[in-house]
Every structure is written in C-alpha cells, then in structure tokens.
Amino acid sequence: MDYLPIFMKLEDRPCVVVGGGRVAIRKVTLLKRVGARIKLVSPLLCEDLQVLADRGDIEHVARDFQDADIDDCALVIAATDDVEVNRAISGLAVASHIPVNVVNDPESGSFIMPSIIDRSPVQIAVSTGGSSPVLARLLRSRLESFVPAAYGRLAALVNDYRQRVKQRFENPEQRRYFWENMLQGRVAELLFAGHEDKARSALEEAIDDADVHFNAPGEVYLVGAGPGDPDLITFRALRLMQQADVVVYDRLVSEPVLDMVRRDAELIYAGKARDKHTLSQESINQTLVRLAKEGKRVLRLKGGDPFIFGRGGEEIETLAEEGIPFQVVPGITAAAGCASYAGIPLTHRDYAQSCVFATGHLKDGTVDLDWERLAKPAQTIVFYMGLHSIPVISRELIAHGLARTTPVALVQQGTTRDQRVYIETLESMQDLAEREQLKPPTIIIVGEVVSLHDKLSWFGTKSS
Ligand code: SAH
C-alpha cells in the first residue's frame, strides 16, 4: 500500500491553491464543499474562478507564487501549468510538513485526490495510486450505481441516534451487533422504501426494547431473479441477495445468479420441475413463515418476475396473514428478457399494438384459454410453460382465425449463453418437438413481430 486513505476535516482551515485555470476549478470546488478557506494565488483567473473571487468565495492573490504564501496553511494544491513551478511549490510544502497535491503529477506531491462517491455523510473514495485516473473513474461509476442514493439518509439517521445507542448499549460488541441488524434489516429497508418516519419509529422501538428486537421476527424478500443472465437482476435484488440469511430458490434461478448470493447464506431448493414439485406450494408458504418466525431474513428467489406466473401473490398472502413483514422486488420477466435477447420487439407500430402473456400449462390435458381473444390481428401472444402444449396452441390459434403462416419464435434458455431461437410458423411448429430436442425453459412468441428477428437479432450464443 503506497498511500494511506484518510478523510480530512478542512472546515474554516486556510488552504492554498496555486494556479488560476480549469484544473484549479475542480479542486477549488471540492475545497469549497468541505468549507475550507481558500487563498488562490495566480496572476490571471479563468472566468469561473473570477466569479468566485468577485463573490468573495475565495481570496484572490493576483501575482506569481511566493514562498511565504503557504505559511501556516493546512493544505496546498499546486495547479499551475508549469511543471517546474509545481514541483518547487511541492518541495517547499513537504519541507514545511504541509500536505500537498500536484495536479496531474501525483508523484510530485505528498497526497493524491481520489475519485469520490458522495452520499454525504457517507463518502467512498477510490484511488488507483495515481496509476490510472480513468480506471478510478470507471470504478467510481460502478460504485455509484451500486450504493443506493438513500445511503446518505441512512447515515444521517444513524448519526441522529448514535449517542442514544451508545448510552443504551455500553458493550461495544453489543452495539456493533445492534447496528448491523438495523442497517441490514427492517430499518434500512423502510428507509429505502421511502418510509422515513416508520424507519425512525422502528429504530426507536428497537433501542427501547432491545430484547424484543433481538428476538424480533425476520422478514421475507420476494425477489425476481430475471430470466437467467445475471446482469439482468436489479440493484435492489443484489443488495438483498447479499444480506439474506436463507435463500429459498426455484429451479428457474440460474447458477450464475445463485453465485451472487451471500456466501454463508443457507440455500433451500424449492424445486418445481413440471410434474415433480419438490416442495408443494403449501409447504413453501409454510417454510417461509417458519424461517421468518425464527428471526431470519429470508430471500424467496424466483425466476423472472415473481408476480408473473410465479405464484408470488399466493406466497405473500400467507405472509400477510401471519403478520410477517415482506417486500417484493420485480424482475425482468421471461417474455421481456427472451424477446430482447432474440431481437423481437413485443410491440411495434407496424405489426402489433398489444401483447398478451398467457400460460400454456395444461390442466386436465387441455389448455384452458380464451382462444377467441388471443387470436386477434396486430397482437403478440407470449406463452409461458407452453412446451407441452405446442400442438394445442398451433391447432387452436389456426382454428380461431390466425393465418397458418403466422410467424412463431420458440426461445429456449433465453438470455443465457445456451439460448436457442427456433423460428417457425403456426403450422410448422406442430411437429417441431419431434424434429428438435426442445428443453425447458422455453417461451413461445406468436405474431408478426417475430419476422423482425432476422434483422434485429444481436445476442451471441454458443450455437450462433
Ligand atoms: N415468473 C417467471 C415465469 C415462471 S413460469 C417469469 O416472470 O419469467 C415458467 C416459464 O417461464 C417457463 O416454462 C418458460 O416458458 C418461461 N421462462 C422462464 N425463464 C425462461 C428462459 N430463460 N427462457 C425461456 N423461457 C423462460
């Protein structure tokens, strides 16, 4: 480690910036944000700095740098366009034990400026030790998107209660445990969901009645994991995946997605291959209730979106009846994911003005659907769970008026590297299963939009 990262308090402290150009502006702006008193030494000022000087936000010393300029200051930034001058300033500052940064020449100074993610009071600083500012900026933008904007509010809330919690729990271990629970559990989630008042009351309750808190019921996160590609899960899903104690997952949840779950979380497979339900729906519901009552944070992870052919509604109904807190995180449903990755827009001004999601799941050997309403012109139909109903779908849609030549796409294992797209017609799809070894999960898209696949397909797979 070549540099020690520290966060420096500069409110009302005298700081010196040497240089009046563009690079100086960025540093001046940052120093202003932390409330430093800025003396800027430069014979000339660029326009923006002149505005600050005119407003009295900075003290402008309109001449070349002199050694005495840095006397008694807390920090120096050398930002002139003359490498030698910058180095001379730096040498002087170092000799006087004043921290100094040389802009665009990290080696010459005694400290470097990181890339900053500002969720004040939370701050994350990223540095590559000066070796690649571009990489630092890229990392910063990744972190930006990963740290919810509400973290700032969360830290502010903690700050308001810090003293009270300190008095309440004298033992630092207990205090740490308490905060860990608050910040990864109900209080944080309430705040992120926009219920600041409720978050405060929950925190106050927990402080007043810590024993109850330590035995409090857990909660359930019903989370959509998307159709397979791990890049398609949401930030919220990822955050909850990394804080859950137990994960109850379905067959449709892909391996790479499961890999992102917290390492030490307990994994429970809830199955659901067609016709071989590993756990019955009722026992899944009961398992969720039991785990939550044990005080666990339970992640119920489902393929696609939990509210689209996912029985998510039934699962949380049971939780609601038992008074167990829960939240639902949407996922990209298979229709949306597979259509995008197959280059098939589900609606299109020229081809389809509506889109219907239907289940092709057979009940007592027949598909119980309103075929009349499905077989409409200018409408896309997406069948979930339709692999075993291909002959019925083909027959009924033709019988209810759709052309035999209507294009159909069957997307198998969509959005994954194993994705296969079969382009057929309503008529030719009848015996597709005989020609090809079709495997679940497969989604069936029916409608004129499918003809766009040839032109719009973009996703590279193992077989393409
Ligand atoms: N809740 C899920 C759907 C569950 S029903 C969602 O919103 O996507 C299961 C059906 O979804 C499968 O039979 C299949 O038709 C479809 N499906 C799910 N993932 C898929 C994938 N990666 N590729 C193709 N079809 C998929």
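Residues numbered from 1 in each chain as written. Predicted model: local features only at pLDDT ≥ 70, side-chain atom pairs only at ≥ 80, totals over all residues. Heavy atoms only, no water.

A.B. asks: Describe the packing of aromatic side chains, listing the residues and the values that go with them.
C.D. replies: This structure, assessed with the given rule, holds ten aromatic pairs. Ring geometry for Phe178 and Trp179: centres 5.5 Å apart, planes at 70 degrees, overall edge-to-face. Across the pair, Trp179 and Phe178 agree in class, each one buried. Between Tyr249 and Tyr269 the ring centres are 5.4 Å apart and the planes differ by 50 degrees, which places this aromatic pair in the tilted class. (Phe/Tyr/Trp six-rings, centres within 6.5 Å; stacked < 30°, edge-to-face > 60°. Buried < 20%, exposed > 50% of the residue type's maximum accessible area, 1.4 Å probe, protein only.)

A.B. asks: Please give an account of unusual backbone geometry that cites residues and values.
C.D. replies: Leave glycine aside and you will find that most residues have negative phi; peptide bonds, for their part, are mostly trans. Cis geometry is adopted by the peptide bond preceding Pro121, which originates at Ser120 and carries an omega value of 5 degrees. Looking at the secondary structure, you find Pro121 in the loop between strand E6 (115-119) and strand E7 (122-126). Residue Pro440 is joined to Pro441 through a cis peptide bond whose omega torsion reads -5 degrees. Here Pro441 lies in the loop between helix H17 (432-435) and strand E17 (442-446). With a phi close to 60 degrees, Arg311 is a non-glycine residue in the positive phi region. By secondary structure assignment, the location of Arg311 is in the loop between strand E11 (297-302) and helix H13 (312-321). In this structure, Met385 is a non-glycine residue whose phi angle is positive, near 50 degrees. For Met385, the location among the structural elements is in the loop between strand E14 (379-384) and helix H16 (390-399). (Helix = DSSP H or I, 4+ residues; strand = E, 2+ residues; numbered from the N terminus.)

A.B. asks: If you had to explain the site of the ligand to someone new, which residues and values would you point to?
C.D. replies: Residues in close proximity to the ligand total 18 residues, the closest being Pro227, Asp305, Ile308, Thr333 and Thr442. Backbone polar atom of Gly303 to a nitrogen atom of the ligand: 3.1 Å apart, as the coordinates give it. One of the backbone N or O atoms of Ile308 is found 2.7 Å from a nitrogen atom in the ligand. For the ligand, the protein covers 92% of the area, taking 550 Å² as the surface of the free molecule. Elements supplying a minimum of two residues to the shell around the ligand: helix H14 (334-341) and E17. Class assignment of the residues belonging to the shell around the ligand gives a composition of eleven nonpolar, six polar and one charged. Here the shell around the ligand spans two domains, and each of domain 3 (219-332) and domain 4 (336-463) adds at least three residues to it. (Near = heavy atom within 4 Å. Polar contact = N/O pair within 3.5 Å; in protein donor to acceptor, adjacent residues only side chain to side chain. Areas by Shrake-Rupley, 256 points an atom, 1.4 Å probe, with all protein chains shown as cover. Nonpolar A, V, L, I, M, F, W, Y, C, P; charged D, E, K, R; others polar. Domains from an automatic or database assignment.)

A.B. asks: Which residues make up the environment of Leu92, and what values do they have?
C.D. replies: Relative to the helices and strands, Leu92 is located in helix H3 (residues 83-95). For the pair formed by Leu92 and Ala320, sequence separation is 228 residues and the distance between their alpha carbons is 68 Å. The residues contacting Leu92, other than those within four sequence positions of it, are Phe65, Asp67 and Ile70. (Contact = heavy atoms within 4.5 Å.)

A.B. asks: Pulling in residues and values, what's your account of H3?
C.D. replies: Compared with the 18 Å implied by 1.5 Å per residue over 13 residues, the 18 Å span of H3 between its first and last C-alpha is a close match. Contacts from the buried residues of H3 go to strand E1 (14-18), strand E4 (75-78) and strand E5 (100-102). You can read the cap of H3 off the contacts: a side-chain oxygen lies 2.9 Å from the backbone nitrogen of Glu84, and it is on Asp82. (Expected span 1.5 Å × (residues − 1).)

A.B. asks: I'd like a description of the layout of surface pockets, backed by residues and values.
C.D. replies: Taken as a whole, the largest pocket spans an internal volume of roughly 1,800 Å³. Ile112, Met113, Pro114, Ser115 and Ile116 are, among the 47 residues lining the largest pocket, the residues nearest its centre. Those elements giving two or more residues to the lining of the largest pocket turn out to be helix H1 (22-33), E4, E5, E6, E7 and helix H4 (133-146). With six residues, the single largest contributor to the lining of the largest pocket is H1. Residue composition of the lining of the largest pocket, by class: 26 nonpolar, eleven polar and ten charged. (1 Å grid on protein atoms, 1.4 Å probe; cavity = no way out; pocket = protein on both sides within 12 Å on 5 of 7 lines; lining within 4 Å. Points joined across faces, edges and corners; volume = space filled by probe spheres on them.)

A.B. asks: Got a sec to walk through the sheet that holds strand E2 (residues 37-41)? Specific residues and values, please.
C.D. replies: A sheet is described by the order of its strands in space; here five strands give the open sequence E3-E2-E1-E4-E5, paired in parallel fashion. Two strands close off the open sheet at either side, each with one partner strand: strand E3 (59-61) and E5. Within this sheet the neighbouring strands show an average axis-to-axis angle of 15 degrees, counted without direction. Pairing geometry for E2 and E3, over three bridges, is parallel. Residue pairing across strands places Lys39 opposite Glu59, the latter belonging to E3. (Pairing = 2+ DSSP bridges. Axes fitted to C-alpha atoms, helices over the stretch in contact; angles between N-to-C directions.)

A.B. asks: Residue-level account of the domain arrangement of the protein, with values.
C.D. replies: The domain boundaries assigned to the protein delineate domain 1 (14-113), domain 2 (150-214), domain 3 (219-332) and domain 4 (336-463). A C-alpha centroid distance of 65 Å is found between domain 1 and domain 4.

A.B. asks: Account for the pattern of salt bridges, with residues named and values stated.
C.D. replies: Within the structure shown, the criterion is met by 28 salt bridges. Among the salt bridges present, the one from Glu196 reaches Arg200, with a minimum N-O distance of 3.6 Å. Here the residue Glu196 and the residue Arg200 both occupy positions in helix H8 (residues 196-208), the gap between them amounting to four residues, near one helical turn. Here Glu196 falls in the partly exposed class, since its relative accessible area comes to 27%. The salt bridge involving Arg395 is made with Glu396; its shortest N-O contact spans 3.9 Å. Within the structure, one salt-bridge network assembled from shared partners comprises Asp245, Arg262, Asp264 and Arg297. (Salt bridge = Lys/Arg side-chain N within 4 Å of Asp/Glu carboxyl O.)

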